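# Results of the structural survey
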Amino acid sequence: MTDDLGTSPDEVQFRFRDDEPADHGTVTVDACCDQTNAAAVRIEPGDDARTLLPFLDRLALIEVNFPAYGDGRGYSSARILREAGYAGELRAVGDVLIDQLSHMRRCGFDAFAPDARLDEEDAARAFATWENVYQRTVDGRRTIQESRHE
Amino acid sequence: MYQYDQYDQQMVDARVEEFRDQARRRLDGKLTEDQFKPLRLMNGLYLQLHAYMLRVAIPYGTLNSRQMIALGDIADKYDRGYGHFTTRQNLQYNWIKLEDAADILADLAKVEMHAIQTSGNCIRNISSDHFAGAAADELVDPRPYAELLRQWSSFHPEFTYLPRKFKIAVIAAEKDRAAMRLHDIGIQIVEKDGEIGARFYVGGGMGRTPMIAPMIRDFVPLDQLITYSEACLRVYNRYGRRDNKYKARIKILVHELGAEEYTRQVEQEFAHMLEQGVEPPREELERIKPFFADPAFEDGAKNVDRSDPDFALWVDRNTHRHKHDSYVSAVISLKPVGGIPGDATGTQIRIMAKLAEQYSFDELRIMHTQNVVLPHVKIADLHALWTALDAADLGAPNMDSIEDMIACPGLDYCALANARSIPLAQRISEKFDASGKTAKLGELKLKISGCINACGHHHAGHIGILGVDRKGVENYQLSLGGSEAEDTALAKITGPGFTEDGVIDAVEKVTDLYLDVREDGERFLDTYRRIGMAPFKEALYD
Amino acid sequence: MKILTGNDLRTGAVTWWDGTNWSLHVDAAADVGEHGDEILAREEALRRVNVPYIIEAEASAEGVRPAHIKDRVRALGPTVRPDLTLKPKDPEAIDWVI
Ligand code: HEM
Ligand code: SF4
């Protein structure tokens, strides 16, 4: 399996799920569409997350790679997957930094495997940055506008 | 005017504390400059030629006296006594210390202001018509929609790392006073079959490849405004180019895909988004609207006493028709002859604030032409207002004239500049004022940028000047025929560039030609459109 | 000659490497020869300067003149605000920039 990128769940630094981490190696999006048994896939910034929609039922782990933190396509990929009902682990990997954590969480990521380990305290603060939020996203949080008019 | 509630305030306060922590980590050496730069940019803090520069957002260009006073106080307390009003309805301070930056943001937060998203590849400050809520010709006040968009775009989790910066303008009149179609998204609030909705133009911009935004949807119902915007942004975030920062703006995506294909993709995403329930509850717009309700206008004098010719001239030039016939909107020119376009001292800023309190229901506006507006001035109060303005060197009667030029900071302040823009602006206004030609020329929009980034809108000037670097020496290209009004057009370059003296002569020559050949009632732009570039080229180069 | 310039991390002020310290005055700038990169790396790590870089300049009896106009603007201050430059009383300073 040449497409195996050999990621192991050991590198996950933050995880907001109760289920057992899926310990499958991930395959590329192309490979995932070709093979019927892959349960873990890795999305690169240029991949169209929507090509995975027919296979969501069999996927337990989707990694979204951020080769550089400034490339924000992965935020859209994550939200698209959650909007389509994907309930498995959605893991941000790569150049994941403190100041991106809260936004990633809001876009549906529930696991984080940064290239360089992050300071736990700084990260805890970052995840808690926004007590309230303006936009409705896939995290299901009530928005400020909804709170104003309940 | 909009007022923060506890939620808005909490968002801004949270951001101040977050930045205070980041600045501390930088000063302590826990963050390298490479790591810190994107964080400070998200808070409008640049490193420019002489110091740090802080860009403060003035959402849709509206502010009250208390906020204006705070801006003046910050100029005196933390900067060197002045600020620079920009074409994007922002204020820039040029001499900021990193160690003060968090305190300044805290001072701003106390008056419901901030510098959030005034830089970086995110959705920037939403701009609007500076006469919104006052102009006789508007359909509705566009600002409630701009405020809805402000909330939606603040800290948007999906759109904080876009391919490039993203600028949105909202207007609600046929007359475009916000260069709407030169924005990434231009929204015009329109009426169709008795309903109010939004018309979307996407993919305009200036910079090195100027483009006029095509219309992609003629009517979006108001209860889908945010959803439609979200669809426009998602298509851009996914497919905008990231391989080359000069091709990363949405205008390039729309251009490369074609407006039709981009629209098709947006419509598809929109259909999907409609099912996601991203639109804020309809009550939110109804909550926002009363903040922008008309103040208590009173009937009064409809005409001024014109016996003082200086005053009469100022009234003719610098006031704009109001929807209430006893009022006007008054433009305070930040273009004194020989001055620096858009600069105001701390004292002047506070004087404008006081005058707004006294004469304009406590409200001010920032124009994209780098001037300030008092939107609701009683005609009966105009003389007193003018007298006070004149005493503070704020009474230049030159709105929309050649002296009312836009000039970016250029090489005097900006790290990206090729040439200085401000000295040109100063010399041109002095020259035209001295020869008395300003008045003869009437409406003439001159716009100057110090480099190809086009912060000074030179592509949209009736006359545009662009500074270039010619073997280490400042050189200037002249262009003609641009417009950022409802007849949006991009200016064309006349030919080879000029030295500083040469380009001033060139402006003289093209304006002389216009005066010679204009027909009745023609503005410079109209004459240019009628006779074309050839005669101007001849006057310049033969 | 080759000289070093950058901004002070705390204040943002433009500074020039004088051989032992960072000075506000370009005339104090020292020729660093081939040692520029090494000094920059060390000084930046110590946070004694921010975003420093090496430039070409010319030394003469009058002082040090950076080769590029941008650095001369940095050395003096905005040409349109002589009062805020390092030489507010010297009307000819602006000509030195241009
Ligand atoms: C002094 C620091 C400034 C820097 C570093 C800067 C940087 C830039 C850059 C790089 C662009 C080109 C963006 C692109 O084409 O993708 C740009 C465009 C622009 N900037 Fe600035 N700018 C500065 C000041 C200003 C000021 C003072 C104003 C207002 C007077 C302004 C308003 C604009 C506008 C209106 C555009 C063109 C519209 C567009 O986005 O296409 N900028 N700026
Ligand atoms: S146009 Fe160029 S020189 Fe002028 S402010 Fe923008 S980036 Fe600076």
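Residues numbered from 1 in each chain as written. Chains lettered and ligands numbered in written order. Predicted model: local features only at pLDDT ≥ 70, side-chain atom pairs only at ≥ 80, totals over all residues. Heavy atoms only, no water.

### Regarding the overall build of chain A
- Helix and strand counts for chain A come out as 5 helices and 6 strands.
- The C-alpha radius of gyration of chain A comes to 15 Å, within 12% of the 15 Å expected for a compact globule of 150 residues.
- Seen through its C-alpha atoms, chain A measures out along the principal axes to roughly 50 × 35 × 30 Å.
- Across the 150 residues that make up chain A, the buried fraction comes to 55%.
- Carbon and sulfur atoms make up 44% of the accessible area of chain A, which amounts to about 6,600 Å² in all.
- Mean positive and mean negative side-chain charge positions of chain A (17 and 30 charges, respectively) differ by 7 Å. (Helix = DSSP H or I, 4+ residues; strand = E, 2+ residues; numbered from the N terminus. Rg over C-alpha atoms; globule rule 2.2 N^0.38 Å. Buried < 20%, exposed > 50% of the residue type's maximum accessible area, 1.4 Å probe, protein only. Areas by Shrake-Rupley, 256 points an atom, 1.4 Å probe, with all protein chains shown as cover. Lys, Arg positive; Asp, Glu negative; His and termini not counted. Charge placed at Lys NZ, Arg CZ, Asp CG, Glu CD.)

### Notes on the packing of aromatic side chains
- Summed over all chains, the structure comprises 25 aromatic pairs over all chains.
- Centre to centre, the rings of Phe 66 of chain A and Tyr 75 of chain A are 5.4 Å apart; their planes meet at 70 degrees, and the pair counts as edge-to-face.
- Taken together, a centroid distance of 6.1 Å and an interplanar angle of 35 degrees make the contact between Tyr 327 of chain B and Phe 361 of chain B tilted. Here Phe 361 of chain B lies in the loop between α11 (346-359) and β14 (363-366) and Tyr 327 of chain B lies in strand β12 (residues 327-332), a separation of 34 residues in the sequence.
- Its relative accessible area of 3% is what places Tyr 327 of chain B among the buried residues.
- Since its relative accessible area comes to 35%, Phe 361 of chain B is described here as partly exposed. (Phe/Tyr/Trp six-rings, centres within 6.5 Å; stacked < 30°, edge-to-face > 60°.)

### Here we look at the interface of chain C and chain B
- Of the residues lining the interface, 23 residues belong to chain C; the matching set on chain B comes to 32 residues.
- Counting each side, the surface lost to burial between chain C and chain B is near 2,300 Å², with a carbon and sulfur contribution of 57%.
- Looking at the side of chain C facing chain B, the largest losses of area belong to Arg 10, Lys 70 and Val 80 of chain C, adding up to 25% of the total buried there.
- For the pair chain C and chain B, the interface holds 1 salt bridge.
- A salt bridge links Glu 99 of chain B to Arg 10 of chain C, with the nearest nitrogen and oxygen atoms 3.2 Å apart.
- For the pair chain C and chain B, the interface holds 11 residue pairs in polar contact (both at pLDDT 80 or more).
- Mapped onto the side of chain C that touches chain B, the elements with two or more residues apiece are β4 (50-60) and α2 (69-76) of chain C.
- In terms of residue class, the side of chain C that touches chain B is made up of 10 nonpolar, 7 polar and 6 charged. (Contact = heavy atoms within 4.5 Å. Buried area = accessible area lost by both parts, 1.4 Å probe. Salt bridge = Lys/Arg side-chain N within 4 Å of Asp/Glu carboxyl O. Polar contact = N/O pair within 3.5 Å; in protein donor to acceptor, adjacent residues only side chain to side chain. Nonpolar A, V, L, I, M, F, W, Y, C, P; charged D, E, K, R; others polar.)

### Focus: the interface of chain A and chain B
- In this assembly, 35 residues from chain A lie in contact with 43 residues from chain B.
- Between chain A and chain B, the buried area comes to about 3,500 Å², and carbon and sulfur atoms account for 52% of it.
- The interface formed by chain A and chain B includes 10 salt bridges.
- Of the charged contacts in the structure, one is a salt bridge between Arg 125 of chain A and Asp 21 of chain B, with a shortest N-O distance of 3.6 Å.
- Our enumeration of links across chain A and chain B arrives at 26 residue pairs in polar contact (both at pLDDT 80 or more).
- When residues of the side of chain A that touches chain B are assigned to their parent elements, the largest contribution, 6 residues, is made by helix α2 (residues 73-83) of chain A.
- Grouping the constituent residues of the side of chain A that touches chain B by class yields 9 nonpolar, 12 polar and 14 charged.

### Describing the coordination of the iron atom of ligand 1
- Just one protein atom coordinates the iron atom of ligand 1, and that atom is Cys 455 of chain B (SG), at 2.2 Å.
- For Cys 455 of chain B, the location among the structural elements is in the loop between β17 (446-449) and β18 (463-470). (Donors = N, O, S within 2.8 Å, 3.2 Å for Na, K, Ca; no water.)

### Describing the sheet that holds strand β6 (residues 127-128) of chain B
Residue and element names in this part refer to chain B.
- Reading across the sheet, the 5 strands line up as β6-β7-β8-β9-β10 and stay open at both edges, with mixed pairing between neighbours. Strand pairing shows two members of the sheet lacking a second neighbour, β6 and β10 (215-221), which therefore form its edges.
- Relative to strand β7 (residues 168-171), β6 runs parallel, the two being bridged by 2 bridges. Bridge pairing in β7 places Ser 128 opposite Val 170. (Pairing = 2+ DSSP bridges.)

### Looking at the site of ligand 2
- The immediate surroundings of ligand 2 are formed by Cys 408, Pro 409, Gly 410, Cys 414, Leu 416, Ala 417, Ser 449, Gly 450, Cys 451, Asn 453, Ala 454 and Cys 455 of chain B.
- Among the residues forming the shell around ligand 2, the class breakdown is 8 nonpolar, 4 polar and no charged. (Near = heavy atom within 4 Å.)

### Quick look at the site of ligand 1
Residue and element names in this part refer to chain B.
- Among the 22 residues in the neighbourhood of ligand 1, the closest are listed as Thr 87, Lys 167, Met 206, Arg 249 and Cys 455.
- At 2.9 Å from an oxygen atom of ligand 1 is found a side-chain nitrogen or oxygen belonging to Lys 167.
- Here an oxygen atom of ligand 1 and a side-chain polar atom of Arg 249 are 2.8 Å apart.
- A class-by-class count of the residues in the shell around ligand 1 yields 8 nonpolar, 8 polar and 6 charged.

### A few points about helix α8 (residues 259-274) of chain B
Residue and element names in this part refer to chain B.
- Given a rise of 1.5 Å per residue, 16 residues ought to cover 22 Å, and the 22 Å separating the end C-alpha atoms of α8 matches this to within 8%.
- Looking at α8, one finds that the buried residues are Tyr 262, Thr 263, Gln 265, Val 266, Glu 269, Phe 270 and Met 273. For α8, the arc enclosing every buried residue in end-on projection is 160 degrees, short of the 170-degree limit, so these residues lie on one face. Turned more than 90 degrees from where α8 packs its buried face, Glu 260 and Gln 268 sit exposed.
- Packed against the buried residues of α8 are β9 (195-202), β10, α6 (225-239) and α7 (250-257). (Expected span 1.5 Å × (residues − 1). Arc of directions from axis to C-beta.)

### Considering helix α10 (residues 309-318) of chain B
All names here are of chain B.
- All of the buried residues along α10 are Phe 311, Ala 312, Trp 314, Val 315 and Asn 318. Down the axis of α10, the buried side of the element spans an arc of 165 degrees, and every buried residue falls inside it. The exposed set on the far side of α10, more than 90 degrees from its buried face, consists of Pro 309 and Asp 310.
- Residues of α10 that are buried make contact with β11 (319-321), β12 and α12 (382-391).
- Put simply, Asp 308 is the residue that caps the front of α10, since its side-chain oxygen is 3.0 Å from the backbone nitrogen of Asp 310.

### Considerations on the domain arrangement of chain B
Residues and elements named next belong to chain B.
- Domain boundaries assigned for chain B yield domain 1 (6-110), domain 2 (134-289), domain 3 (309-391) and domain 4 (406-541).
- When each unit is reduced to the centre of its C-alpha atoms, the spacing between domain 2 and domain 4 is 31 Å.
- In this assembly, 12 residues from domain 2 lie in contact with 13 residues from domain 4.
- Our count for the contact surface shared by domain 2 and domain 4 stands at 1 salt bridge.
- With a closest N to O distance of 3.6 Å, Glu 486 and Lys 175 form a salt bridge.
- One can count 2 residue pairs in polar contact (both at pLDDT 80 or more) joining domain 2 with domain 4.
- Here the side of domain 2 that touches domain 4 is composed, by residue class, of 6 nonpolar, 1 polar and 5 charged. (Domains from an automatic or database assignment.)

### Quick look at the sheet that holds strand β5 (residues 90-96) of chain B
All names here are of chain B.
- Spatial ordering of the open sheet is given by β1-β2-β5-β4-β13, a layout of 5 strands whose pairing is antiparallel. Looking at strand neighbours, the two that pair on one side only are β1 (45-47) and β13 (343-345), the edges of this open sheet. When strand polarity is set aside, the average angle formed by the axes of neighbouring strands in this sheet is 30 degrees.
- Sheet topology note: the β1/strand β2 (residues 52-57) ladder contains 3 bridges and is antiparallel. Bridged to Leu 47 within β2 is Tyr 52.
- Lying over the sheet, helix α2 (residues 33-41) contacts β1 and β2, oriented at roughly 130 degrees with respect to β1.
- Strands β2, β4 (82-85) and β5 of the sheet are contacted by helix α3 (residues 65-78), whose axis makes an angle of about 15 degrees with β5. (Axes fitted to C-alpha atoms, helices over the stretch in contact; angles between N-to-C directions.)

### Topic: the confidence of the model for chain A
Residues and elements named next belong to chain A.
- Looking at chain A as a whole, its pLDDT mean stands at 89, while 93% of the residues score no less than 70.
- Within chain A, α2 carries the highest mean pLDDT (98), whereas helix α1 (residues 29-34) carries the lowest (86).
- Per-residue pLDDT stays below 50 along residues 1-9; that stretch engages in 20 contacts with residues further than four places along the chain or on separate chains. (pLDDT = per-residue confidence, 0-100.)

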